[in-house]
Amino acid sequence: MSEEQKLADNRTRETTDELREFIRQGWADRHTGRPELALAAPYAAARRAALSARFRGDRLVIPAGGLKVRSNDCDYVFRPHTAFAYLTGLGADREPDAVLVLEPTPTGHEAILYFRPRAPRDSDEFFDSPRFGEFWVGARPSIDDIEAELGLTARHLDDVLDDVTKDAAATLVRVVRDADRALTADLDQRRTAEGRDAAATEEADDALAHTISLARMVKDEHEVAQMREAIEATRIGFEAVIRELSGLAEKERGERWIEGIFGLHARHQGNGVGYDSICAAGDHANTLHWIRNTGDVTEGDLVLLDAGVEVDSLYTADITRTLPVDGTFSDAQSEIYDAVYAAQQAGIDAVRPGATFSDIHAAAIRVIAEHLHAWGLLPEGIDVEATLDKEHGQYHRRWMVHGTSHHLGLDVHDCALASREEYREGTLAAGMILTVEPGLYFKADDQLAPQRFRGIGIRIEDDVLVTQDGHEVLSARMPRARPDVEAWIRAVQGAGSTGASGVSG
Ligand code: GLY
Ligand code: MN
Ligand code: MN
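Each residue is numbered by its place in its chain's sequence as written, counting from 1. Chain A is the first chain written and ligand 1 is the first ligand written, with later ones labelled in order. Local features in this predicted model are restricted to residues of pLDDT 70 or higher, and side-chain atom pairs are both shown and tallied only at a pLDDT of 80 or more, whereas totals for entire chains, interfaces and linings draw on every residue. Side-chain measures were taken over the full set of non-hydrogen atoms in the model, leaving aside hydrogen atoms and water.

K.L.:
Can you lay out the overall build of the protein for me, pointing to particular residues and giving the numbers?
P.N.:
Secondary structure elements are taken from DSSP: a helix is a run of H or I of four residues or more, a strand is a run of E of two residues or more, and numbering for both begins at the N terminus. Per the secondary structure count, the protein includes 16 helices and 17 strands. The globule rule used here is 2.2 Å times the number of residues to the 0.38 power, and the radius of gyration it is set against is calculated over C-alpha atoms. Taken against the 2.2 N^0.38 rule, which gives 23 Å for 505 residues, the C-alpha radius of gyration of the protein at 26 Å falls within 12% of a compact globule. Along the first, second and third principal axes, the C-alpha set of the protein runs to 75 × 50 × 45 Å. Accessible area is worked out with a 1.4 Å probe on protein chains only. A residue is then buried under 20% of its type maximum, exposed over 50%, and partly exposed in between. When burial is assessed residue by residue, the protein has 50% of its 505 residues classed as buried. Taking the intrachain contacts of the protein between residues at least 6 apart in sequence as the baseline, contacts between residues at least 24 apart amount to 71%. Methods summary: accessible areas were calculated by the Shrake-Rupley approach with a probe of 1.4 Å, and residue burial reflects only the protein chains presented. Counting every atom, the protein has about 23,500 Å² of accessible surface; 49% of that belongs to carbon and sulfur. Between the mean site of the 55 positive side-chain charges and the mean site of the 88 negative ones, the protein shows a separation of 0 Å. Note on definitions: a residue-residue contact is assigned when non-hydrogen atoms from the two residues lie within 4.5 Å. The positive count covers Lys and Arg only, the negative count covers Asp and Glu only, and His and the chain ends enter neither. Here the site of a charge means NZ on Lys, CZ on Arg, CG on Asp, or CD on Glu.

K.L.:
If you had to explain the site of ligand 1 to someone new, which residues and values would you point to?
P.N.:
In these notes, residues near a molecule or strand are those with any non-hydrogen atom within 4 Å of it. In the region of ligand 1, the neighbouring residues are Tyr275, Asp306, Asp318, His406, His413, Glu437 and Glu461. Within the side chain of histidine 413, an N or O atom sits 2.7 Å from an oxygen atom of ligand 1. A distance of 3.1 Å separates an oxygen atom of ligand 1 from a polar side-chain atom of glutamate 437. In isolation ligand 1 has 190 Å² of accessible area, and contact with the protein removes 86% of it. Between N or O atoms, a polar contact is any pair within 3.5 Å; within protein, one atom must be a potential hydrogen donor and the other a potential acceptor, and residues adjacent in sequence are included only when both atoms are from side chains.

K.L.:
Give a description of the environment of threonine 32 that names residues and reports values.
P.N.:
Looking at the element boundaries, threonine 32 is found in the loop between helix H2 (17-23) and helix H3 (41-54). Counting along the chain gives 113 residues from threonine 32 to aspartate 145, while the straight-line C-alpha distance between them is 9.3 Å.

Now the structure itself:
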């Protein structure tokens, strides 16, 4: 008996044959118009063509993954696997259990999407399945709908396992293993039964996942456009938070209020947040992954907000602003802010095609090290070069432990399967999108930090596109220099009155 079957069934009600028959009848004809070809479809086709060229003759299986139980009969909101979203163009909550198969042909591959099409109103599923039935969760597309929307062949999910393994001895079948563990287990079993070596099969699978992850590093024009939308939506979310900043000191758990305001706008404009928002007031900013967000917001403190809207296509922004609650940075806050800003500017200046990914971090961290040295915080006898020494230095990391950049796209930490040579030691190329996000973090109980700095944590994070001749800061509409941030807060809080600073309504 499965875990799900072991649950006592306190939720369903007996259904009489009479009700079952009654509910099958009396529905108006469905609207029969076909969806238009999705904007993303030609781009997804080009991505599939590039993958096809790398794996001629192999059958490629890219599952969306299934619904995940939150508790009992309640599921989490579905999010398809990133490789599936990238190669189909489907986003939001589409389509649980679907599987994209690239079927080898003499000239390349045919794309076939196996999915659970809409069940007719006279099917048992329509009324009887709270998990999938249209009566409960809404209608799904038909086979024809999906073919029109995505410009590929679509088939019923029931056929996928047999179709994919029909000649697994002769045709190498590769699957993105982590997308749908149950399907992968079935495939493993069938591939082994066909005489395939388990270790070699897994290696072949991993090569597929790695190739897709790496392909995502250079964005096509549709992806860049989606990123612009995500960043613009994020700007609107930040401005909504700024509008409420001045009243937050009176509320308990002001950090949660910030999380809610940003989350409201993320959900309203897009699919949601691209990662849990870090809403860190005062000393909480020094806890790098502060997502508990239970703290109060106090006048005179800074609030570090690290948040990004994920649009419906699942591309996400990742932006941090550190904002003075009362609109003005204190002297000590200014000192640190300007150091972080200078480091960020150095990092951004290093973004150009032909530079290496690690050049960005090197440029930013040198500025951080210079400031720490000038403040007299590095140990006796340790200068900038000594702390930058990778073998015997690195003292500065007490105050900035994290990397300066990561790739950004469908995943907030994008292209995670790229190797160290391809990623950290890789060369920047036009079309890549990266964050540049240095910070300085002085914990309240850090006895090596100057008293005036203790309890202050500052990060500035922007999203930067590598262009043919340099870079474009995609988040440039969000002010980041200290006086500009103060002016931005004033303008947003006085809003309605000025459109000059790009303040949204
Ligand atoms: N918010 C996660 C990051 O900045 O990498
Ligand atoms: Mn971030
Ligand atoms: Mn980031």
